[in-house]
Amino acid sequence: MGAMRLLGSSLLLLRLLVLGAGRLVPEDFLQKYGYLENEVLRRSNSAQFTEALREFQWVSHLPVSGVLDAATFLQMAKPRCGVADAESYGQWAKRVKTLLAGRDSKTGRKKRYLNLYQSKKWYKHHLTYRLLNWPWYLSEHQLRMAVKTAFQLWSNVSALTFQEVSEGPADIRLAFFHGDHNDGLRNAFDGPGGALAHAFFPRRGEAHFDNDEWWSLNSKGRNLFIVMAHEIGHTLGLEHSPVKNALMSPYYKKLGRDFILSFDDIVAIRDLYGAPSGGQATQLPGNQLLRFQEWSTNVHSGTETMPLGSFYCQSSFDAIAVDLNRNLYIFKGHHVWVVFPDGKASKPQLLQKRWPGLPTTIEAAAISQEDGRFYFFKGGRCWRYRDSALELGFPQKCRKGGLPRHPDAALYYPPLSHLVVFKGPKYYVVNEELLEVELYYPRSLRDWKGVPAAINGALAHHDGFTYFFKHDQYWKFNQSKLKVVATGKWATELHWIGCQSAKTGGTAL
Ligand SMILES: *[C@@H]1O[C@H](CO)[C@@H](O)[C@H](O)[C@H]1NC(C)=O
Ligand SMILES: *[C@@H]1O[C@H](CO)[C@@H](O)[C@H](O)[C@H]1NC(C)=O
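Residues numbered from 1 in each chain as written. Chains lettered and ligands numbered in written order. Predicted model: local features only at pLDDT ≥ 70, side-chain atom pairs only at ≥ 80, totals over all residues. Heavy atoms only, no water.

### Here's the deal with the site of ligand 1
Inference 1: Surveying the vicinity of ligand 1 reveals the residues Thr149, Gln152, Leu153, Asn156, Thr282, Gln283, Leu284 and Leu289.
Inference 2: Side-chain polar atom of Gln152 to a nitrogen atom of ligand 1: 2.7 Å apart, as the coordinates give it.
Inference 3: Taking Asn156, its side chain carries an N or O atom lying 2.3 Å from an oxygen atom of ligand 1.
Inference 4: A total of 360 Å² of accessible area belongs to ligand 1 in isolation, and the protein chains cover 65% of it.
Inference 5: Looking at side-chain class alone, the shell around ligand 1 contains three nonpolar, five polar and no charged residues. (Near = heavy atom within 4 Å. Polar contact = N/O pair within 3.5 Å; in protein donor to acceptor, adjacent residues only side chain to side chain. Areas by Shrake-Rupley, 256 points an atom, 1.4 Å probe, with all protein chains shown as cover. Nonpolar A, V, L, I, M, F, W, Y, C, P; charged D, E, K, R; others polar.)

Written out as structure tokens, the structure reads:
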């Protein structure tokens, strides 16, 4: 801990606040962070601590008591941005006052407020940025598109412009780090969940992302685009916003159909830098910004250096299923790969070509071992195909039958002769014909001893085991012992998943 670089007061210590809960904290949590405990106890009575707690409660819509109660503690455990809320109120209050007072008003009240709250901002409008590193499983091309779009969100509604540089100095630098990364122990990353990222206010120009988080550029896992767009907001000088659907709210925001920037975000950035020169603000709805998030056909044209056959092997997939002839189907983005029983993978094929009527991407898939029919799930809907022919009456609103929206995975489970759908910490046993959840379900995932929550895919293999997949890991489940008996990395350890042949160049491209 000796040579740790201390940060300015602008970045603080959500983790310290969390620890301040002392005995309220679950034991494993304390063990994980135990080394910090003394420091917390030393600080937890200070006025600074109480003040930080009040700011936190304010920005989180909790009663502002300055006391660490159970509700506050629970709120703190939610995934969020690691930047402190310390001056959020000041910036927001100034924004509201400016709005109420009108743009040109020079009332004394406003002036007094300006003295109280000094904005941290850049004194130029054209800024450069540079992506220093990224997780191995993300495609560089997709990621650069995501970063560009994240900056565009802000430049499209303000007078700022951004330019990427690939080497040399840059105003804003984005980087991924594990755990302690010389920002001081307080700002060390904490593994999956908890603090996801943090950034420095101008004019330090750095945003850091937790490399132990499993980031994604689609709807599965932690969406990096949204978190980047938020942290970039900090590098531009924005504090946290108390408005619930604001991008600058400290809590992780899901990417949906809505606009990503709320009115409050736009007012905040304009307050610092003014409106775009043309006066026109452009903002596309969230679902139209998804294009870079899926590996779409235009990536084929040589910008991506990765061999196509191994594309899913390099990261993860959306869904997996096996048919009666022991062919494996692996779904990722717009594409499906078929891995034949000899372990060789086919060329990727567009989902919508193979199964006309499907959306461009799916969330879960299963194949009936009774009759070979394909089931696909996305959002609240499901599709059933015999070969490539959509059955009459589909897609259906499967939510009506009690199925969860946005399922994690589905499989056909031979011991029950039923479909099983997984979502978070629960599973649903589903009647194939009616697509209705059977009586007494959903039940807790604990029935599947050793299987983690929020899996990417699952299947019952003809070797008699059920396999569960999440990120780059698999879990092998014995159906009579009802527990996981092995776990490892699927791309290298499961020969039937089609990644070995891809590595030796044997893929049928
Ligand atoms: C920004 O505006 C441009 C031009 O109108 C548009 O093409 C682009 O998609 C917009 N980007 C975002 C992130 O809204
Ligand atoms: C699962 O465990 C049982 C009991 O130990 C064993 O008899 C069986 O062979 C295992 N299943 C498979 C597919 O190996």
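### Quick notes on the UniProt feature "active site" (unreviewed entry) in the protein chain
Inference 1: Here the UniProt-annotated "active site" (unreviewed entry) positions come out as Glu231.
Inference 2: Looking at where Glu231 falls in the secondary structure, it is placed in helix H9 (residues 224–235). (UniProt positions renumbered as here; feature names shortened; annotations may be inferred. Helix = DSSP H or I, 4+ residues; strand = E, 2+ residues; numbered from the N terminus.)

### Concerning the sheet that holds strand S10 (residues 328–332)
Inference 1: One open sheet holds the four strands; their spatial order is S9-S10-S11-S12, and the pairing between them is antiparallel. Edge positions in the open sheet fall to strand S9 (319–322) and strand S12 (349–350), since each of these has one partner strand only.
Inference 2: By the bridge criterion, two bridges tie strand S11 (residues 335–339) to S12 in an arrangement that is antiparallel. By the bridge assignment for S12, Val336 is matched with Gln349. (Pairing = 2+ DSSP bridges.)

### Some words on the site of ligand 2
Inference 1: Lining the immediate surroundings of ligand 2 are Asp463, Phe465, Asn478, Ser480 and Lys481.
Inference 2: When ligand 2 is considered free in solution it has 360 Å² of accessible area, and contact with the protein chains removes 45% of it.
Inference 3: Taken together, the residues of the shell around ligand 2 sort by class into one nonpolar, two polar and two charged.

### Quick look at the pairing of strand S19 (residues 418–423)
Inference 1: For S19, a buried count of five out of six residues is recorded, marking the element as mostly surrounded by other parts of the structure.
Inference 2: Sheet topology note: the strand S18 (residues 409–413)/S19 ladder contains five bridges and is antiparallel. Within S19, the position partnered with Tyr412 by the bridge is Leu419.
Inference 3: Counted along the chain from S18 to the antiparallel partner S19, the turn is four residues long, and its residue Ser417 has a positive phi close to 50°.
Inference 4: When S19 meets strand S20 (residues 426–431), the two strands line up antiparallel, connected through five bridges. Looking at the pairing, Phe422 lines up with Tyr427 of S20.
Inference 5: Between S19 and S20, which pair antiparallel and follow one another directly, the connecting turn spans two residues, one of which, Gly424, has a positive phi of 55°. (Buried < 20%, exposed > 50% of the residue type's maximum accessible area, 1.4 Å probe, protein only.)

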